[in-house]
Amino acid sequence: SYQVVDFFPASLNDVPTFMTASPDGRAVFLLDGRNGSLSRMDLFTGQRVASVQLDFQPKYLLYMQDQNKLAVSLSLSQEIVFLDPVTLRKAGTIPVGSSPEGISVLANRLYVAEFADNSVSVVDLADGGSQSRFSVGFGPRRLLATDTHIYVSNYLDGSLSVLSPDQLGVIQQVSGLGRPLEMAFNQFYRRLFIADEQMAALGVLDANTNQFLGHVFLGAKPYGLAVIQ
């Protein structure tokens, strides 16, 4: 019916800049980049049930389902902090490069987009956090893992870097975008969709060939997207 079925306002003191949901759909996590806080909201009651003050300008939040942890990138302290998803208590940190933003996990490796260094860090979660780093495009901000590749949206040069989980480095560079940011993947049609802020459009990539197919123009800047399979 495309009708709103419920509405839960955030706390009056919060200005959420990023949100993700738990895999079971029972809770959402609201990240406030302005005041450096993270909150957990129960979706059955609409109440905030836990919160933590992180400071250091948090940028991105990922629920690592296999590890049962939250990972948050902290831009000012240049680290990834891990949290218990229920209590939001800290469960460890990993230092990374300058201005970390997007995070993704594939094959027990943590990938971190380092915006100011034009690089991606790869942390082996099964090997005591051993780390490697390689260059991508200019201004990487988001990563998305499919079943075969990891895609990096390079915000400043309008490109995507394509990574392989079997290799430490860029295997392909895709150009033709303006200011790419958020991405979503359709498994059935093998299409990667990219929110392009500069073009006010949705970029479409063939994930089988990594060929950029063009834009679907929206007339306004897209800030988030999701694929309903």
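Now for a description of the structure that goes with this document. (Residues numbered from 1 in each chain as written. Predicted model: local features only at pLDDT ≥ 70, side-chain atom pairs only at ≥ 80, totals over all residues. Heavy atoms only, no water.)

Looking now at the overall build of the protein. Check the secondary structure of the protein and you find zero helices and 20 strands. Taken over 229 residues, the protein has a buried fraction of 49%. The long-range share in the protein, meaning contacts at least 24 apart out of those at least 6 apart in sequence, stands at 33%. Carbon together with sulfur atoms contributes 50% to the accessible area of the protein, which is approximately 11,500 Å² in total. Here the protein contributes 16 positively and 21 negatively charged side chains, and the mean placements of these two sets differ by 3 Å. (Helix = DSSP H or I, 4+ residues; strand = E, 2+ residues; numbered from the N terminus. Buried < 20%, exposed > 50% of the residue type's maximum accessible area, 1.4 Å probe, protein only. Contact = heavy atoms within 4.5 Å. Areas by Shrake-Rupley, 256 points an atom, 1.4 Å probe, with all protein chains shown as cover. Lys, Arg positive; Asp, Glu negative; His and termini not counted. Charge placed at Lys NZ, Arg CZ, Asp CG, Glu CD.)

As a further point, take the sheet that holds strand β8 (residues 90-95). With antiparallel pairing, four strands are arranged side by side in an open sheet as β5-β6-β7-β8. The open sheet has two free edges, formed respectively by β5 (58-64) and β8, since each of these has just one partner strand. Pairwise comparison of adjacent strand axes, ignoring direction, gives a mean angle of 20° for this sheet. Pairing between β5 and strand β6 (residues 69-74): six bridges, direction antiparallel. Pairing of Pro58 across the sheet is with Leu74, part of β6. (Pairing = 2+ DSSP bridges. Axes fitted to C-alpha atoms, helices over the stretch in contact; angles between N-to-C directions.)

In this structure, the largest pocket spans a volume of roughly 730 Å³. Around the largest pocket, the lining comprises 26 residues; the ones closest to its centre are Thr20, Tyr60, Leu62, Leu144 and Met183. Counted by class, the lining of the largest pocket contains 19 nonpolar, five polar and two charged residues. Estimated volume of the second largest pocket: approximately 220 Å³. In terms of lining, the second largest pocket is formed by 13 residues, of which the most central are Thr17, Phe18, Lys59, Arg141 and Arg142. For the lining of the second largest pocket, the secondary-structure elements that each account for two or more residues are β5, β13 (140-145) and β17 (180-186). When grouped by side-chain class, the residues that make up the lining of the second largest pocket number four nonpolar, three polar and six charged. (1 Å grid on protein atoms, 1.4 Å probe; cavity = no way out; pocket = protein on both sides within 12 Å on 5 of 7 lines; lining within 4 Å. Points joined across faces, edges and corners; volume = space filled by probe spheres on them. Nonpolar A, V, L, I, M, F, W, Y, C, P; charged D, E, K, R; others polar.)

Counting buried positions along β13 yields five of six residues, so the element is predominantly enclosed. Strand direction decides the pairing type here: β13 and strand β14 (residues 150-154), joined by five bridges, are antiparallel. Looking across to β14, one finds that Ala145 is bridged to Ile150. Linkage of β13 to β14, two consecutive antiparallel strands, is achieved through a turn of four residues.

It is worth spelling out the nonpolar core at this point. Counting 27 residues, the largest nonpolar core has Leu38, Leu54 and Val72 as its most contacted members. Contributions of two or more residues to this core are made by β2 (27-32), β4 (48-53), β5, β6, β7 (79-83) and β10 (109-114). At five residues, β5 tops the list of elements feeding residues into this core. Excluding residues that lie within four positions of it along the chain, Val72 makes contacts with Leu31, Leu38, Leu54, Pro58, Tyr60, Leu61, Glu79, Ile80, Val81, Leu83 and Ile103. Listed in part, the 13 residues of the second largest apolar core include Tyr151, Met183, Leu192 and Ile194. (Core = buried A, V, L, I, M, F, W, Y, C linked by side-chain atoms within 4.5 Å.)

Geometry only, nothing functional implied.
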